[in-house]
Structures are given as structure tokens and as C-alpha cells.
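Per-entry structural report
This is what each chain is made of:
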Amino acid sequence: MAEVLHALLERAARNRPGHPAVSDGGRVATYAELDQRADALAGALVDMGVRRGDRVGVLLEKSIDAVACLYGVMKAGAAYVPLDPRAPGPRLAQVLADCDVRCVLGSGDPVGGVEVLDAAAVPPTSRGPVAAPVASEDLAYILYTSGSTGAPKGVMVSHANALAFVRWTGAAFGVTGDDRLSSHAPFHFDLSVFDLYAAAAAAATVVLVPPEASVFPAELRRFVAQERITVWYSVPSVLTQLASRARLSPGDLPSLRAVLFAGEVFPTRYLRQLMSALPHARFANLYGPTETNVCTWYEVDRPPEDDRTIIPIGRPIEATRVAVVGDDGRPGELYVQGPTVAQGYWNDAARTAARFVTDPRPDLPGRWYRTGDLVEEAADGNLRFLGRGDGQIKSRGYRIELGDVEATVYAHPGVVDCAVVAVPDELVTARLHAFAVVDGDVAGADLARFCTDRLPRYMVPETFELCPALPRTATGKVDRRALEKAALTPAAKRQ
Amino acid sequence: MTTADALREFISRELPGGRPVAELTDDFPLIRERVVDSLGIFQLVSFVESELGVQVGDDEVVLENFETIGALAAFIEAKRAG
């Protein structure tokens, strides 16, 4: 049997057929049921002409059947492209056109110009496994992330890439068949890879986080308690809410044994609060852009001493090498080499060549991914994240290229000039503030609506400020520093 | 316009998960149907505060008060009366 992601499900279905695989509200699918359902969906996809190497979009709200769809696509030999059901139509169309999907597994609603297979209409019974040919080097999925020019880029992840990550997590966090893992991240976000496949590898149970628990901290606490979640993995902003607003007291959530976070910096103040409320749980910071899934990690073995302590991103995971490329002993760009490093960007050889480099230096042989993240190595060998060398920012764990947002604002016919800056915010890392110079009768609200129709919600600036001109530096570039400063002060209070 | 209608119009027009006003009945499950998500709740709270003139405490941003338009309108009316 090839080393592929869906083999984890098939093995769990053989060894623990009656064990709960996915739990969603009151509904549960056992491993046998999930595997049979995935076989049925794979059969329907093959009947539609899906073949090895094809891409299949999955445009569904999270549910047991959506999980079966991901497996079904892989069983058919194709790569799944998880899509955000909340994304505006033009953004979806851009992604679907870029990766040239064979079809979309959806809810029956039409999706611009693409054949849609209504997942719910696929009969539950299957004629058994489809046995499509597939190799561990084949793509398992493509995850789209914000691109600096206004077009999202697709990160290509092979079965071998994903399995290397899954095997490491199983060992690092001792996931067993008794565990109950939360699934908070949407499937188009790579944190979901841990939830789904670390659970399957151990024949453990993955529990889908219901919508109300993502919105209200008290419901989140109730969910973790009632579902007896043992391993939680999410962006820090959710945990910040849990720490600050869910009124936890020591001894609460006794089942929770591991709290893992990734995607952005966890404000130390809230991490300390959470660690003191949950003294029985272990905490770990996992670091890695989508292109590496996770490449370094740091176990926070005791609560940080004060709020100013910076949590390192730690050391490389198993079989992974990192290099800080800059002047010796100085901060530099983090390069990563290892089995979790992705295959490149779909349909974009130029960007792939720029970021996935071969033999970048005589002492760095082989293939490396340039993260663009500025890091430094501390005396104890742990890496610290310092920032970005470009216009990429994080907000609520989402990675956003400011250029991507600016390109969208520019697309409005009344916009003459624009710049988008990130305003630091303790709870969500950053809020976006757009400055625009307009021609004619255009209001900030018009630009907000224009962006809402074209960008994922988390990329739409919270503030649109119209100004007569953008400040420039001596070299004629937009003075981003001046704008960042201006964005910190409400317009009315500025001199 | 009633409080419920003002909420209905705002949610329909401004939230990314918004639906046509006619679908957003007083007992439509806003959270379960993902009309209001983790970003939308902040927009909704700031609309209630700035446009409807009712301050919402952190501990009042709970499912019971925001589950439906009916529940939220009742919460707002109670605050106004209180």
C-alpha cells in the first residue's frame, strides 16, 4: 500500500471500525462509516471522470460529510482544494480557474462555470473501494493563501509532505486512540491537517467545533468540557478569548491535556492567564507557513515569568533543517529544508522558483523554502520570530498580503491611489486600515462594500479613510511609516 | 422602524453571511446558520452600540442574547427599559 493520507483512514477502519471517527453536534460517524462514505464519494467522482492528478474543489460547510469528501477526493486519486463557503464569488472563481478543477463537491448550488457534484445526493451505499492509482509523491491537497499581487496562490502539498507532519505530531504529542481532538480551523487553513489526520493516524476522534463556540468564549469552554476534548489546536486569538473572557478557574477542563497554537504570536499576557487556569495541560507553539505546514516548535513548559517574555518559535521538528540566512550571528531570513516542505505553487513556476530555492549557499545544499520571516537564534538554540521583511501580515491567524488588499482597492474605478497598513492590536494581532485617494463621489463605505464583494472577510480593512494625497518619502515611495502612525490616531484627533 | 427590523436590515446588508431580509425571521438561528461569525459578532455589537445607542458589556456578548434577532431585540429593549 502506498504511503498516502487516506490509508490512515482505511487502516483505522480495519482496526477500529466501531470507534467514533468524527463527531459533529449530536452526530457521530464511526471509522467504518466514514471510510464507506468516502468510498461512495470516490466512486461518484471517478464516474464523473476524475482521474489521478486532477484537482477537485470542496465547497461545503464543515460537517461529517465534508470530512468524508476530503477523503473521497484523495481516494479517487485527486488532490482536494478546500474552498471557503463564505468567500465572495469572484475570489472563488479566481481560485477555481487557477487550479483548473475537474469538478467541485458542493451543496448543489452552481459555482461559476464549473461542474458541481452535490455531495448530499451521492447515495450512501458504495460498490467498495475504487482503488485509484496514487503515489505518495502525488498532491494530496492545494491550499490557497493570499498572494502579494492580488491573486491568491496555491500551495501544493503531497501525501508524503502531509504524512511527515502527521507522524511527527503523533510522536511529539503522544496522540492515542483515546484522544478527542478539536477541529476548529476551517479546512482551507492548514491547521486542519493536524486535527483530521493526527486523529486518523491514531484512530482517535476528531470533534468539529460548532459555530457558537467560535463566536462566544463561554460556549467554547462549554464545548471543550462537554465533549471532553483532550487536544486543542488553533490560532491564538481564539485562546486569547478563552483566557480573557470565559471565566476559567484552575481545575476547569480537566480532560484537556494539550493546547497547541500556531499561525501568529500568542500575546504573552493571555498565554500566562491560560496556563495558570489550566495547570494540568501542556502548551506548545507550532510555527510554519503553509508552505512548510509546521517546521519548528517550542514547548512552553512553564508559564512565562512576565508579560514581556517573548515565546520562541523553537527548534526544527524531526528530519527538518533550518538556517538563518543573513550576516553571521545577526537576524536573518529563515530558510527551511525537510520532508514537510511543499512542492511549490500551483501553476506558478516563477513564484515557486523565487521561494523554493536549490543550493542557495555552498553550505546549504539541496532544496530550501525561503519563509520571508525574519528570525534570530538565541543563545540556547531556540529561534525567535522578529517580523516580516515584506508586506505580509497576520490577523486572527490569517496570513494577508497587504499588496493583495491594495490591488483590490485599486480595482475600484474611483480610486486614484491607495495604501493599506496594519495597525497592531493585542487581541487579533493586527487590524487593517486603508487610505485612499479618490476621484469623484466615492465614500469610504463604497470602498468597504466593494472589497467585501471581492475579498475574504478577514482581508477587508476595518477602516477606509479618504485623503487628498498619500504621503511620500524622498524617493517617491508611499511613506508607510507615516501612514502607520496616522492610523494609530483617529483622523479627527490628528493635527 | 422597530429594533428587530433595524437589526434585520443591518445583518442582511452588512454581514458577509447575511441573507435576504425575508429569510431573517425573528427566530432564525443566526449563529448556527453562520450568519454571524467570529468577525460578524464584533460588527453587530458595534452596530448595536453606535446606531441603536445601547452599550453591550463583555459579559453580555453571550449566545442567549445573540442567538436570534428576536432574542437580541428583546435584550436591547430590556437594556433601554432598565
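Below, the structure is looked at part by part. Not measured: the values here are computed from a predicted model. (Residues numbered from 1 in each chain as written. Chains lettered and ligands numbered in written order. Predicted model: local features only at pLDDT ≥ 70, side-chain atom pairs only at ≥ 80, totals over all residues.)

**Overview of the overall build of chain A**
Summing up its helical and strand segments, chain A has 14 helices and 26 strands in all. Rg of the C-alpha trace for chain A: 23 Å, near the compact-globule value of 23 Å for 495 residues, within the 12% margin. Across the 495 residues in chain A, those meeting the buried criterion constitute 49%. Residue pairs at least 24 apart in sequence account for 66% of intrachain contacts in chain A once pairs closer than 6 positions are excluded. (Helix = DSSP H or I, 4+ residues; strand = E, 2+ residues; numbered from the N terminus. Rg over C-alpha atoms; globule rule 2.2 N^0.38 Å. Buried ≥ 20, exposed ≤ 12 C-beta atoms within 10 Å, placed from the backbone. Contact = placed C-beta atoms within 7 Å.)

**Topic: the sheet that holds strand β25 (residues 429-438) of chain A**
Residues and elements named next belong to chain A. Strand order in this open sheet of three strands is β24-β25-β26, and the pairing throughout is mixed. Each edge of the open sheet is held by one strand with a lone partner, namely β24 (415-425) and β26 (463-466). Put simply, the sheet's adjacent strands are angled 25 degrees from each other on average, direction ignored. The pairing of β25 with β26 spans four bridges and is classified as parallel. Bridging from a neighbouring strand, Ala 436 pairs with Leu 466 of β26. (Pairing = 2+ DSSP bridges. Axes fitted to C-alpha atoms, helices over the stretch in contact; angles between N-to-C directions.)

**Notes on the interface of chain B and chain A**
The partner chain A presents 13 residues to the 14 residues of chain B that form the contact. A class-by-class count of the residues in the side of chain B that touches chain A yields eight nonpolar, two polar and four charged. (Nonpolar A, V, L, I, M, F, W, Y, C, P; charged D, E, K, R; others polar.)

**Some thoughts on the packing of helix α1 (residues 6-15) of chain A against helix α2 (residues 31-47) of chain A**
Residue and element names in this part refer to chain A. Following both chains from N to C, one finds α1 and α2 inclined at 135 degrees, their axes separated by 8 Å at the closest point. Between α1 and α2, the crossing angle belongs to the class labelled oblique. In this structure, the crossing between α1 and α2 has a hand that is left-handed. Counted together, Leu 9, Glu 10, Ala 12 and Ala 13 of α1 and Tyr 31, Ala 32, Leu 34, Asp 35 and Ala 38 of α2 form the full contact between these two elements. (Parallel < 35°, antiparallel > 145°, perpendicular 65-115°, else oblique. Left-handed = near helix turned anticlockwise from the far one by under 90°.)

**Brief notes about unusual backbone geometry**
Residue and element names in this part refer to chain A. The residue Ala 203 is not glycine, and still its phi comes out positive at about 50 degrees. Looking at the element boundaries, Ala 203 is found in the loop between α6 (191-201) and β10 (205-208). The exposure class assigned to Ala 203 is buried, which follows from the 24 C-beta atoms found within 10 Å. Despite not being glycine, Ala 319 has its phi angle at roughly 65 degrees, a positive value. Its place among the elements puts Ala 319 in the loop between β15 (315-316) and β16 (321-325).

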